[in-house]
Amino acid sequence: MPKRPPRSNECYALDKDLSGAGSPSDALDLAMAKAEVMDAPNWANLLLAILPNLPSHSGASMRYALAHWKKKGGHHLAASLRSDSRWSRSLQRLQASLQDLTARDAANVVWSLATLEAKQEPLFLETADALCGKLAVCDPVSISKAAWALTSIPNRDRRLELYSKLAVPVVMRADSFPLGSLTMICYSFGKADFREGDAYEALSSALIGHMNNSLRPIDVCNVIWSFCTVGYRDDVLFTKICEMYLTKEEMVRDFNPQDLTNTTWGFCKVGFCHREAMETLAFECHRQRDRFDPIHFSNLLYSFAMLRIPGPPSLLAEVASTASQQVARFDAGNLAIACWALAALGMSEHPFLDCALERVIGSSQVCSNLGSRALSMLALACFRTARPGRLDQLLDATRLCGLGVGASGYSAAVMAAEQGKDQERELRILRQMAAEARDVRMQAAVCNSLALRLWKRGDTAGAFAVLRGLKESSPHSWSVVSSLLVARLGTELGALAEASELLGGDGAALDAAWEAPVLSGIHPMAATRQNEGAHAYTREFMTLHAVLCGAPPGDPDAAMAAIERFAESRSLWLKITAWEKGVVVQEVARWAQPRLIVEIGAYVGYSAMNVARTVRSHGGRVASLEVDPLHVTLVRNMLEYAGLSDVVDVWTGYSFDSIPHLLKTYGPRSVDMVFMDQKGTRFHSDLALMEELDLLSDRAVILADNVLKPGAPLYIWHLAKGSYHHCTAISVREFLLQSEDWMVMAFRDASKPPAPTPPPELHRLAFESDHFRKKSMFDGVAPSKCRGTCHPKCLSTTTTTTTVVPVSSCSILVLVLIFGGPLTPSYSFKHKSTRIQ
Ligand SMILES: C[S@@+](CC[C@H](N)C(=O)[O-])C[C@H]1O[C@@H](n2cnc3c(N)ncnc32)[C@H](O)[C@@H]1O
């Protein structure tokens with residue numbers, strides 16, 4: 001590392017003069033007058049001197065320091081500096097001598113530039129780079145100042161790259177950092193969305209060492225907020241903080257509304273529930289409720305709803321009543337969150353709900369600001385509080401504002417309609433969905449799906465009428481599935497003449513575009529995970545089209561093969577359980593002979609066809625749950641084409657809302673097999689809900705996909721330590737990728753007690769899994785790149801044995817029995833298993 005040239009006495013004296021300058025302008029004048037003698041540290045100190053004096057900038061008080069700075073005119077200063085030639089000349093001087101700055105000088109420069117709102121200056125990132133080369137000799141206060149300064153670099157990759165470097169000394173030496181630096185670093189890491197587990201582990205152990213120093217409310221709040229905002233659940237640290245601070249009324253009394261509700265929000269974000277602390281916080285929130293802003297109300301209610309705890313009796317209801325008086329101050333997002341939370345807390349009758357819905361529905365200004373998430377939350381709130389009329393009004397108001405209802409809005413609306421008795425509502429909503437479809441294929445698929453729903457409700461004539469209407473009003477929106485349906489329903493109704501008239505005598509006169517093989521390349525947008533863009537669902541509708549063109553009707557094997565061929569020929573990864581995964585799903589269903597299989601996550605219907613073809617021979621049924629209403633549409637078309645509509649019921653909605661409906665529809669203990677293929681983070685809570693509702697039969701087998709990469713450690717814990725036996729991981733290849741993944745299978749044993757609380761280390765593993773899941777969603781990192789470290793560690797808490805099972809000439813399945821004891825004797829794949837260990 002280059003050494004800085006020795007400084008002259010004159011330069012030291014200049015530092016003094018600069019810091020003693022009466023105003024920022026005086027400091028700049030002085031610098032200009034002495035420009036020839038100023039050295040690099042002088043230029044760096046000039047920036048500090050320009051700042052109108054900040055109060056203590058240690059640790060978490062940064063927010064207050066900045067507020068103070070702005071009050072003192074800092075904002076205006078920042079604006080006027082940009083047009084001041086003395087300022088730009090100073091920056092040029094500094095830029096020329098960056099290599100002469102110490103780590104501390106460099107930290108002061110980035111910190112000053114950030115405070116002076118000059119992050120866009122090239123000097124800012126250059127100095128950050130220079131600093132990152134000197135971190136080995138950087139003191140903790142400088143590291144924390146730099147960490148704060150770098151928080152809002154807009155380029156995410158650039159920002160995270162700098163934080164990875166900044167984290168090195170934190171991981172190595174956090175134990176020797178003062179408390180103020182630690183809390184400022186925590187806050188900055190959280191704000192920057194930096195998610196390296198080792199850094200949080202180091203911060204946590206250092207903070208625990210400081211726990212006897214008195215943390216200020218803002219410190220407590222910022223530590224919890226930052227850990228939780230990145231999803232790092234640290235039970236040891238959080239429990240200590242709760243015991244020492246958050247369960248003590250006199251401590252919590254010093255928290256302001258933002259500290260209070262940020263803390264509860266943080267806990268709910270990671271699912272950490274310390275009841276006593278939550279109650280103490282709730283009492284304090286109740287005491288301060290008149291000072292609450294809308295965001296504080298919504299965060300507080302949301303926290304209790306997410307943690308599924310009611311809070312002290314009547315307290316939250318009273319807080320919500322205060323919110324009702326201020327409903328005019330709420331924006332669309334906060335209204336939606338608060339409504340959703342009240343619904344989840346079971347406060348269906350609370351007046352806030354009607355006030356809030358009235359405000360959204362009655363004000364085009366509020367309504368037009370509803371994002372898709374807020375609309376979906378409001379729609380779910382209407383559904384859960386049995387307000388179907390309000391839900392209709394909400395959708396109408398959304399349309400009136402010129403907003404599309406979108407997949408997430410329709411999900412709750414369709415779910416409400418499907419689960420209710422009102423067939424007319426379902427008809428209306430699906431008709432609207434068809435009318436809003438921007439593609440004839442989509443329109444046809446929605447109409448077919450609607451006809452299938454009416455048929456399932458027993459209204460075959462109504463179903464037939466829907467198709468006749470489609471043919472008359474929009475002949476191009478007609479598919480092979482429409483023809484098949486017309487033929488089948490016509491036969492059931494004894495209306496053959498009418499059916500053949502509709503089919504044009506020798507079958508439907510299909511539009512040429514429908515018959516053409518899928519030749520066009522996939523549009524790049526279709527590869528994104530967002531189902532909201534202009535090209536959303538292209539990939540999925542092309543998959544359906546490939547089946548309609550590439551497989552004969554009534555042949556599930558051919559339909560599944562057509563999906564695989566379509567994806568393979570284009571190297572287009574589809575999130576389906578094909579190849580070895582498909583073998584496992586099929587073999588488990590064949591072995592278990594279930595009366596009812598519940599599948600969570602249907603997507604394009606590949607696995608639904610797989611299990612349905614397997615169980616139909618013994619009269620089994622499938623209930624497939626899918627949150628996305630357009631995926632539901634596709635799956636229903638796919639199943640009808642494959643001749644499996646009568647074996648599978650596809651239900652729209654979040655598993656959380658659909659699982660109770662399963663109980664009503666199929667009865668208690670009706671489920672003999674569950675196949676979980678939704679988000680891995682939901683596995684254990686969905687399974688727990690099924691257990692709670694007594695849906696699982698005594699012989700139920702539970703199979704889950706994607707358990708190794710990115711991983712579901714809490715789920716494995718739930719199975720391996722809870723009311724299940726022979727929890728077995730099956731090593732398989734991911735469809736179209738060579739990477740290894742695991743499917744996990746376990747058998748219900750209701751006589752065993754539920755799993756105890758997982759050890760804290762498992763939350764760290766869950767953090768790593770989620771971190772990876774995000775990377776694969778946002779950064780396009782392939783699942784194969786996941787280190788998959790979770791499970792070797794996770795499994796070390798249990799006993800494992802390994803068995804290799806050849807299932808075909810080309811694939812080998814490795815079974816890892818997570819609990820000791822032999823594999824269940826009645827379980828076997830097609831080929832004999834060979835025990836290797
Ligand atoms: C991996 S895909 C399912 C693939 C399918 N099982 C197959 O093998 O063909 C996951 C699907 O689950 C749906 N999903 C995610 N979370 C869900 C939830 N909580 N409830 C219902 N569906 C969910 C997604 O919309 C997506 O279509």
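Residues numbered from 1 in each chain as written. Predicted model: local features only at pLDDT ≥ 70, side-chain atom pairs only at ≥ 80, totals over all residues.

- If you check an unreviewed UniProt entry, the protein chain appears there as catechol O-methyltransferase from Durusdinium trenchii.
- The record in UniProt for the protein chain states the following under Sequence similarities (unreviewed entry): "Belongs to the class I-like SAM-binding methyltransferase superfamily. Cation-dependent O-methyltransferase family." (UniProt positions renumbered as here; feature names shortened; annotations may be inferred.)

1. Topic: the overall build of the protein chain
- Looking only at helices and strands, one finds 42 helices and 10 strands in the protein chain.
- By residue count, 50% of the 837 residues in the protein chain fall in the buried class.
- Counted over contacts in the protein chain with a minimum sequence separation of 6, partners at least 24 positions apart contribute 75%. (Helix = DSSP H or I, 4+ residues; strand = E, 2+ residues; numbered from the N terminus. Buried ≥ 20, exposed ≤ 12 C-beta atoms within 10 Å, placed from the backbone. Contact = placed C-beta atoms within 7 Å.)

2. Re the UniProt feature "domain: RNA-editing substrate-binding complex 6 protein" (unreviewed entry) in the protein chain
- As annotated in UniProt, the feature "domain: RNA-editing substrate-binding complex 6 protein" (unreviewed entry) corresponds to residues 219-348 in the numbering used here.
- Spanning residues 219-348, this segment combines 71% helix with 0% strand, and its end C-alpha atoms are found 36 Å apart.

3. Comments concerning the pairing of strand S5 (residues 696-704)
- By the bridge criterion, 5 bridges tie strand S4 (residues 671-676) to S5 in an arrangement that is parallel. Across the sheet, residue Met 673 finds its bridge partner in S5, namely Val 701.
- Handedness of the S4-helix H38 (residues 683-692)-S5 crossover: right-handed.
- Bridge count for S5 against strand S7 (residues 740-748) is 4 bridges, and the pairing is antiparallel. Directly across from Val 701, in S7, lies its bridge partner Phe 747. (Pairing = 2+ DSSP bridges. Right-handed = clockwise from strand over helix to strand, strands pointing away.)

4. Some remarks on the packing of helix H18 (residues 294-307) against helix H19 (residues 315-325)
- Following both chains from N to C, one finds H18 and H19 inclined at 150°, their axes separated by 10 Å at the closest point. Put simply, H18 runs roughly antiparallel to H19. Crossing of H18 over H19 shows left-handed handedness. Residue-level contacts link Phe 297, Leu 300, Leu 301 and Phe 304 of H18 to Leu 316, Val 319, Ala 320 and Ala 323 of H19.
- Its residues assigned to classes, the contact of H18 with H19 comprises 8 nonpolar, no polar and no charged. (Axes fitted to C-alpha atoms, helices over the stretch in contact; angles between N-to-C directions. Parallel < 35°, antiparallel > 145°, perpendicular 65-115°, else oblique. Left-handed = near helix turned anticlockwise from the far one by under 90°. Nonpolar A, V, L, I, M, F, W, Y, C, P; charged D, E, K, R; others polar.)

5. Overview of the site of the ligand
- The local shell around the ligand holds 21 residues, among which Gly 601, Tyr 603, Tyr 606, Ser 607 and Gln 678 are the closest.
- Sorting the residues of the shell around the ligand by element identifies helix H35 (606-615) and strand S2 (621-626) as the ones contributing at least two each.
- Here the residues of the shell around the ligand are counted per class, giving 9 nonpolar, 6 polar and 6 charged. (Near = placed C-beta within 6 Å.)

6. What about the nonpolar core?
- Val 110 and Cys 339 are the most contacted members of the largest nonpolar core, which totals 269 residues.
- Broken down by element, the residue count for this core peaks at 11 residues, all from helix H20 (residues 332-344).
- Once residues lying within four places of it in the same chain are set aside, the contact partners of Val 110 are Phe 124, Thr 127, Ala 128, Leu 131, Ala 146, Ala 149 and Leu 150. (Core = buried A, V, L, I, M, F, W, Y, C linked by C-beta atoms within 7 Å.)

7. Focus on the environment of Val 405
- For Val 405, the position within the fold is in the loop between helix H24 (388-400) and helix H25 (406-419).
- For Val 405, a count of 24 C-beta atoms within 10 Å gives the class buried.
- Sequence-wise, Val 405 and Leu 375 are 30 residues apart; in three dimensions their C-alpha atoms are separated by 7.9 Å.
- Dropping the residues within four chain positions of it, Val 405 is found in contact with Leu 395, Thr 398, Arg 399, Tyr 410 and Glu 436.

8. A look at unusual backbone geometry
- Of note, the phi angle at Asp 193 is positive, near 60°, even though the residue is not glycine.
- Within the secondary structure, Asp 193 is located in the loop between helix H11 (179-191) and helix H12 (197-209).
- Looking at Asp 193, the number of C-beta atoms within 10 Å reads 14, which means it is partly exposed.
- The backbone of His 726 sits at a positive phi, close to 50°, despite the residue not being glycine.
- Residue position: His 726 is located in strand S6 (residues 724-733).

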